[in-house]
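Examination of the molecular architecture
Residues per chain, in single letters:
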Amino acid sequence: MEINGSSAIITGGASGLGEATARRLAAEGVRVTVFDRNGERAKEVVEEIGGSANYVAGDVTDPDDCQKAVDQAAEGGTLRIAVNCAGTGWVGRVINRDGSPHDLGPFQFIQNLNVIGTFNVMTKAASAMATVEPQSDGERGVIVNTASVAAFDGQIGQLAYSASKGAVVGMTLPAARDLAVVGIRVLAIAPGLFDTPLLAMLPDEARSALAQSVNFPKRLGIPSEYGELVTHIAKNSYLNAEVIRLDGGIRMPPK
Ligand SMILES: NC(=O)c1ccc[n+]([C@@H]2O[C@H](COP(=O)([O-])OP(=O)(O)OC[C@H]3O[C@@H](n4cnc5c(N)ncnc54)[C@H](O)[C@@H]3O)[C@@H](O)[C@H]2O)c1
């Protein structure tokens, strides 16, 4: 797909994988709309990117905020790319150390953010993309959602997180099938361990132990490597309905 001159919405674009994606797509001539709860940081990122980059401060779990962000992305250009990076993790076992059950609250919070947030932006972006002029082979756009290797290799304490990322994986094929008729592709990326503010919360020792657990290369992923893959996915029209692990070959152990 020709992406130069098109418009993209990137949720979670104020940090980590989303920020790197916004920067990479902008370098390809894409007009990026960063949609993030952290408006202050989103503003800084789009100022650094410059040009036509813009932002919407809002919450992906709020359908009205999502519509506003999609509208802004679609009004300023031809919306062809939607990337869902807003999300977070949670640690909690089925039963706690004292034998009490996993709280429902955090489980629901994680599904709401990682699954409903992705659903909200995917559906609204697809609806807008379905109205744009198709390119030569009938292609209108692409949606890239962010899963995790935890969808497949869920570790001890990842019940809520793995459930949410499993749902992102599960939506990929039916969404790609639903949207084939309007020329929109849907893929997901399942990142391994990336050096983003999410992992920066861990002490250095824990981070280097994690890096050693990667098959090859023995290091954390660099966010720009994620942005690079999103860009390739957007350009390569024959990629569709697939979940791509981007993980240095890591297979997560039980803990
Ligand atoms: N970093 C990793 O190693 C890793 C591995 C696998 C999967 N992932 C997934 O990649 C995605 C991005 O992770 P990251 O490491 O870049 O995290 P990050 O914390 O650096 O960035 C997440 C961004 O999402 C925004 N956000 C959070 N909740 C939001 C909401 N309700 N509405 C709008 N914006 C919201 C935050 O403000 C932040 O800017 C997440 O879905 C995460 O689960 C990350």
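As a starting point, this report considers the structure included with it. Small disclaimer: the values here were computed from a predicted structure and weren't measured.

1. Describing the site of the ligand
- Taken together, 28 residues lie around the ligand, and Ser15, Asp36, Tyr161, Phe194 and Thr196 are the ones closest in.
- Within the side chain of Asp59, a nitrogen or oxygen atom sits 2.8 Å from a nitrogen atom of the ligand.
- In the environment of the ligand, an oxygen atom lies 3.4 Å from a nitrogen or oxygen atom belonging to the backbone of Gly192.
- If the ligand stood free it would expose 830 Å²; the protein chains cover 93% of that surface.
- Secondary structure elements with two or more residues in the shell around the ligand: helix 1 (16-27), helix 5 (159-180) and helix 6 (197-200).
- Per-element tally for the shell around the ligand: the top contributor is helix 6, with three residues.
- Counted by class, the shell around the ligand contains 14 nonpolar, ten polar and four charged residues.

2. Points about the environment of Ala234
- Its place among the elements puts Ala234 in helix 8 (residues 223-235).
- Here the alpha-carbon distance between Ala234 and Gly166, two residues 68 residues apart in the chain, equals 23 Å.
- Once residues lying within four places of it in the same chain are set aside, the contact partners of Ala234 are Met1, Ile3, Ile81, Val142 and Arg185.

3. Some words on empty space enclosed by the protein
- The final tally for this structure, using the stated rule, is one cavity of 30 Å³ or more.
- Taken as a whole, the largest cavity spans an internal volume of roughly 30 Å³.
- If you go around the largest cavity, the residues you meet are Asn84, Cys85, Ala86, Asn114, Thr118, Thr146 and Lys165.
- Among the residues forming the lining of the largest cavity, the class breakdown is two nonpolar, four polar and one charged.

So, how was this worked out
- Residues numbered from 1 in each chain as written.
- Predicted model: local features only at pLDDT ≥ 70, side-chain atom pairs only at ≥ 80, totals over all residues.
- Heavy atoms only, no water.
- Near = heavy atom within 4 Å.
- Polar contact = N/O pair within 3.5 Å; in protein donor to acceptor, adjacent residues only side chain to side chain.
- Areas by Shrake-Rupley, 256 points an atom, 1.4 Å probe, with all protein chains shown as cover.
- Helix = DSSP H or I, 4+ residues; strand = E, 2+ residues; numbered from the N terminus.
- Nonpolar A, V, L, I, M, F, W, Y, C, P; charged D, E, K, R; others polar.
- Contact = heavy atoms within 4.5 Å.
- 1 Å grid on protein atoms, 1.4 Å probe; cavity = no way out; pocket = protein on both sides within 12 Å on 5 of 7 lines; lining within 4 Å.
- Points joined across faces, edges and corners; volume = space filled by probe spheres on them.

Honestly, that's just the spatial picture; any functional story needs more than this.
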